[in-house]
Amino acid sequence: DWVDVADVVRASTDRARKYFPGRVIETGIAPDLPLIETDSVLLGQVLFNLLDNAVKYGGTEPINVYARRDGNEVLISVTDLGKGIPVEELEQVFEKFYRRGKADGRAPGTGLGLSIARGFVTAMGGTIKAESPALKKRGTRIVMRFPIKEIQGKDMPCREDAP
Ligand code: ATP
Ligand code: MG
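In this text the structure is predicted, and so the values were computed from the model without any measurement. (Residues numbered from 1 in each chain as written. Chains lettered and ligands numbered in written order. Predicted model: local features only at pLDDT ≥ 70, side-chain atom pairs only at ≥ 80, totals over all residues. Heavy atoms only, no water.)

**Q** I'd like a rundown of the pattern of salt bridges, residues and numbers included.
**A** Evaluated as defined, the whole model comprises 11 salt bridges. When the shortest N-O distance is used, the salt bridge between Asp-52 and Lys-56 registers 3.9 Å. With Asp-52 and Lys-56 both in helix H2 (residues 40-57) and 4 residues apart, the pair spans about one turn of that helix. Taking the relative accessible area as the measure of exposure, Lys-56 reaches 27% and is therefore partly exposed. (Salt bridge = Lys/Arg side-chain N within 4 Å of Asp/Glu carboxyl O. Helix = DSSP H or I, 4+ residues; strand = E, 2+ residues; numbered from the N terminus. Buried < 20%, exposed > 50% of the residue type's maximum accessible area, 1.4 Å probe, protein only.)

Spelled out as structure tokens, the structure:
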């Protein structure tokens, strides 16, 4: 389906604000986002999962969700300012059942969230990875990228064309 990322980001951040009252979740959504071909329900679940992690492990400062175009991809990121993930574990956290344990202050979880998120995103034709903002030495950014597909012989649908 052709999905308006802005709608999905708004819906899942609204849901997270209800679930985690008191947590500040800010959004920055570029106005010129093209539609992407993906599944809005799965994408919403992935975003909610990332927000759940940001709330559990991300300290108390505002969480930021950005969506913008980057070349021929749509980039969606969830950034927190918590303790972060050591560089050598940035890939491991996507493994099934991988949890950092005591380092997380014993927040409850199964260690499945990110592995499921990667499965969904990959199935949707996108990529997902974790980054540690190098300069600040704290915080985590999870970045998803989805390809913008050109439609042969037609103009790309964009948000203004959406019903
Ligand atoms: P579940 O999501 O299944 O409830 P979980 O949150 O432990 O459990 P994942 O979402 O897969 O599992 O995350 C795996 C581990 O990665 C977490 O246990 C935590 O150690 C680390 N992690 C995930 N997100 C963050 C984050 N934003 N900041 C710091 N560490 C994180
Ligand atoms: Mg989780």
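What follows picks up the thread again.
**Q** An account of unusual backbone geometry is needed here, citing residue identities and associated values.
**A** Despite not being glycine, Phe-97 shows a phi value in the positive range, around 65°. Considering the arrangement of structural elements, one finds Phe-97 in the loop between strand E5 (73-80) and helix H3 (113-123).

**Q** Summarise the side chain of Ser-12; cite the residues concerned and give the values.
**A** On the secondary structure map, Ser-12 appears in helix H1 (residues 5-19). Looking at Ser-12, its side chain comes within polar contact range of the main-chain oxygen of Val-8, at 2.8 Å. If we skip the residues at most four places from it in the chain, Ser-12 touches Gly-44, Leu-47, Phe-48 and Leu-51. (Polar contact = N/O pair within 3.5 Å; in protein donor to acceptor, adjacent residues only side chain to side chain. Contact = heavy atoms within 4.5 Å.)

**Q** Give a detailed account of H2, specifying residues and quantitative values.
**A** Two residues of an α-helix separated by three or four positions point the same way, owing to the 3.6 residues in each turn. With 18 residues, H2 should reach 26 Å at 1.5 Å per residue; the first-to-last C-alpha distance of 26 Å fits that figure. Among the residues of H2, those classed as buried are Leu-43, Gly-44, Val-46, Leu-47, Phe-48, Leu-50, Leu-51, Asp-52, Asn-53, Ala-54 and Val-55. Regarding H2, its N-cap is Asp-39, as a side-chain oxygen of that residue lies 2.9 Å from the backbone nitrogen of Val-41 further along. Downstream of H2 by one or two residues, Gly-59 has phi in the positive range, about 75°. (Expected span 1.5 Å × (residues − 1).)

**Q** Hey, could you go over the environment of Trp-2 for me, with residue numbers and the actual values?
**A** Looking at the element boundaries, Trp-2 is found in strand E1 (residues 2-3). For Trp-2, a relative accessible area of 35% translates into the label partly exposed. A sequence separation of 38 residues divides Trp-2 from Ser-40, and the C-alpha atoms of the two residues are 8.6 Å apart.

**Q** Mind laying out the side chain of Thr-140, listing which residues take part and the relevant values?
**A** With respect to the helices and strands, the residue Thr-140 is situated in strand E7 (residues 140-147). When near neighbours in sequence (up to four residues on either side) are disregarded, Thr-140 contacts Val-78, Thr-79, Asp-80, Gly-84, Ile-85, Glu-131 and Pro-133.

**Q** Please give an account of the nonpolar core that cites residues and values.
**A** Ile-76 and Met-144 are the most contacted members of the largest nonpolar core, which totals 38 residues. Ranked by the residues each element gives to this core, the list is headed by H2, at 8 residues. Leaving out residues up to four positions away in the same chain, Ile-76 has contacts with Val-5, Val-9, Leu-43, Leu-47, Tyr-66, Ala-67, Ile-142, Val-143, Met-144 and Phe-146. (Core = buried A, V, L, I, M, F, W, Y, C linked by side-chain atoms within 4.5 Å.)

**Q** Mind laying out the packing of aromatic side chains, listing which residues take part and the relevant values?
**A** Tallying each qualifying case throughout the model produces 3 aromatic pairs. The interplanar angle of 75° and the centroid separation of 5.2 Å between the aromatic rings of Tyr-19 and Phe-48 together place this pair among those described as edge-to-face. Placement of the pair is Tyr-19 in helix H1 and Phe-48 in helix H2, with a sequence separation of 29 residues. When its relative accessible area of 56% is taken as the criterion, Tyr-19 is described as exposed. Residue Phe-48 is classed as buried on the basis of its relative accessible area of 14%. Note on Phe-20 and Phe-48: the rings are 5.9 Å apart at their centroids and 20° apart in plane angle, and the pair reads as stacked. Here Phe-48 lies in helix H2 and Phe-20 lies in the loop between H1 and strand E2 (25-29), a separation of 28 residues in the sequence. Side by side, Phe-20 and Phe-48 carry an identical accessibility label, which is buried. (Phe/Tyr/Trp six-rings, centres within 6.5 Å; stacked < 30°, edge-to-face > 60°.)

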